[in-house]
Structures are given as C-alpha cells and as structure tokens.
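Understanding the architecture of this molecule
One-letter residues, chain by chain:
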Amino acid sequence: MTNPEAEQTEPTPEPTPEQREAERAATQRLERAVLAAEQALIEFEIAVETFRVEVENFSRLHHQRLGPMYSRLDELDALIAEAVAARTGKPEDVRRAEELRGLVQPMPGVEELFHGWVDSEGIPPEAAAMLNEQPVRPPARVRPSEEARRIYRELVRRAHPDLARDEAERQRRDAFIVRVNAAYSLGDEETLRGLTEEWESGPRPVERALDRSEELYARLEWLAQRKEMLAGLASELESSAIGQMLKMAPDDPDKLLEEIAEQLLAQVSEREAALAKLTSG
C-alpha cells in the first residue's frame, strides 16, 4: 500500500530576498526592452508612412504631368501601325495595328478631364488655357515641409496607438492618428499644429506599468510581428515603379519629372516625324 503522506506535494518554498531582487531586476530589464522596441517601431512606422506619402504624391504628379505624353505616345504608335498596315496589307501588320489600337486608352470624360478644375464660376483660367493649347500652370507640389515632418513625428511619438494600455485608449488614439496622417499627406502645417494643441489639452491616460514577464514577452512578440508587417509594406513601396523612381532622386523628384518629360517629348517628336513620313507619300 502506498503511503498517503508520501503522495502529498511539498509546499513551494518562498523566494529568498535575493531571488525576489533578481526577478525584479529581470522584469525591469524586460520593461526597458519593451519600451525601446516600442520607440523603435514608432520611428520605423514614421519612416514608412513618410515614404508612402512621398510615393503617393509623386505618383499623382507623375500622372498629372506625364500622363498626357504617355497617351500621345500610345496614340502615335497605333497610328504608325495603322499606316504601315494600310500600306502593306499584311495580316501580321493588321493584327499589330489592332493590338496597338486596343492599348490606346480612351479619352477621359469631361468630369475626369476637368476634375478639380471646374468650380461654381465655371472653367477657371487654367482649364481655358489647356483648351486653347496655351501654357498651363503646373500642378501644386504637395510634399510635406521639414516643419510638417517635425510636427508629425512628434505627434506620432506621443499619440501612437501602440502606446495605449487599454482598448478605449487605443480607439481614441487610432481615430486621432487617422486625422494626423491625413493632414501630413497634404503637408498641412496649420492643421498639424492644431492637432498638437488638441492632443496637449486632451485627457492624460493613466499609464499602467507592465509587471508580469508573460505580458512583457507577449508585447515584444506583437511588436516584432508589427515590424515584420511594416517591413513588408516598405519593401512593396520601394520595389514599385514610383518607388524606384523616387530612389533615383530622393532630394529633388521634381527635377526627375522634368528629365522624364524631356525624354517623352523627344520620343513624341520622333514618332510624329515617322508618322508624317508614312502618310506623306
């Protein structure tokens, strides 16, 4: 027979003061690691968001300034192929002409063409100039200034949702950062300053210190996953066509647009000359 007293588990001994101190020191080190990881993640997210805004703005300017030139090149390619097909009558030339004609984008509708140009007073001078083939004022250069970047970085550091310690506080920060990102994407310094004042006058969340190792480790794991997701987003932005172009001239993308425009204009001239030669005989 077994001895019931032998089956009883012995009580866990109380930790010694030295053990308690070692555990407390380990927890403090873990807390510092979490805090450093949080700040590093926020800095990384600021960099990714800044690059996303740059890509978005450059893409918009690229489309506005160079889109008509690309469309003209497509049209000229189709016209040249059609002229060649009309001369030779060869099935392969006819097929190529049909393929190139299919690639030509249809002319935009009036609403799309004049999006942002037509107001309550009718067509503004810029649109009238375009209709009359006169020089048109270039689109506004929307890139956040250094001051806007500074304010944005400070706001994100202070109000980032990842710093919340409960769901209600996270939701409040989420909604606030959405407004911050929107103002930053427009380079709106005045709105960013107003948001800074709003945050400073808002409620101060009660910070709850992390005191359990399991919670700290879970937090570190979540931060690592979040950084991995952001790294994937950054990689997608950098590998995109616009991202690659921005990397060629990060300090002066406007100059790059001008250089591309000159190249496209030269290509347009070459194709117009080729088309004129084909249709003159």
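Structure's up top.
Residues numbered from 1 in each chain as written. Predicted model: local features only at pLDDT ≥ 70, side-chain atom pairs only at ≥ 80, totals over all residues. Heavy atoms only, no water.

1. Concerning the pattern of salt bridges
- The tally for this structure, following the rule as stated, stands at 18 salt bridges.
- Among the salt bridges present, the one from R72 reaches E272, with a minimum N-O distance of 3.3 Å. Taken together, the positions of R72 in helix α2 (residues 17-88) and E272 in helix α11 (residues 253-280) put the pair 200 residues apart, joining distant regions of the chain.
- The partly exposed category is assigned to R72, whose relative accessible area is 34%.
- In this structure, R101 engages E82 in a salt bridge whose closest nitrogen and oxygen atoms are separated by 2.9 Å. Remark: E82 occurs in helix α2 and R101 occurs in helix α3 (residues 91-103); sequence separation between them is 19 residues.
- When its relative accessible area of 28% is taken as the criterion, E82 is described as partly exposed.
- Here the residues in one salt-bridge network are E43, R153, E154 and R157, joined through shared partners. (Salt bridge = Lys/Arg side-chain N within 4 Å of Asp/Glu carboxyl O. Helix = DSSP H or I, 4+ residues; strand = E, 2+ residues; numbered from the N terminus. Buried < 20%, exposed > 50% of the residue type's maximum accessible area, 1.4 Å probe, protein only.)

2. A look at the environment of Q64
- Its place among the elements puts Q64 in helix α2.
- Judged by its relative accessible area of 38%, Q64 falls in the partly exposed class.
- A distance of 2.9 Å separates the side chain of Q64 from the side chain of R60, its partner in a polar contact. (Polar contact = N/O pair within 3.5 Å; in protein donor to acceptor, adjacent residues only side chain to side chain.)

3. Describing the nonpolar core
- Ranked by internal contacts, the top residues of the largest apolar core, which has 23 residues, are F58, L66, M245, L256, I260 and L264.
- Elements with a contribution of two residues or more to this core: α2, α9 (213-239), α10 (241-248) and α11.
- For this core, the element with the most residues is α2, which contributes ten residues.
- Residues Y152, L155, L163 and W199 belong to the second largest nonpolar core, which totals 18 residues. (Core = buried A, V, L, I, M, F, W, Y, C linked by side-chain atoms within 4.5 Å.)

4. Regarding the packing of α2 against α10
- Orientation of α2 relative to α10, taken along the N-to-C sense of each, is 100 degrees, at an axis distance of 9 Å. Judged by the angle between their axes, α2 and α10 are roughly perpendicular. Counted together, F51, E54, V55, F58, S59 and H62 of α2 and I242, G243, M245 and L246 of α10 form the full contact between these two elements.
- Classifying every residue of the contact of α2 with α10 by side-chain character gives six nonpolar, three polar and one charged. (Axes fitted to C-alpha atoms, helices over the stretch in contact; angles between N-to-C directions. Parallel < 35°, antiparallel > 145°, perpendicular 65-115°, else oblique. Contact = heavy atoms within 4.5 Å. Nonpolar A, V, L, I, M, F, W, Y, C, P; charged D, E, K, R; others polar.)

5. Details of a negative patch on the surface
- Taken together, the side chains of D251, D252, E258, E259 and E262 define an acidic patch exposed on the protein surface.
- Note that D252 resides in the loop between α10 and α11. (Patch = residues over 30% accessible without salt bridge, like charges linked within 9 Å, V, L, I, M, F, W, Y side chains within 5 Å. Areas by Shrake-Rupley, 256 points an atom, 1.4 Å probe, with all protein chains shown as cover. Lys, Arg positive; Asp, Glu negative; His and termini not counted. Charge placed at Lys NZ, Arg CZ, Asp CG, Glu CD.)

The values are spatial; any link to function lies outside them.
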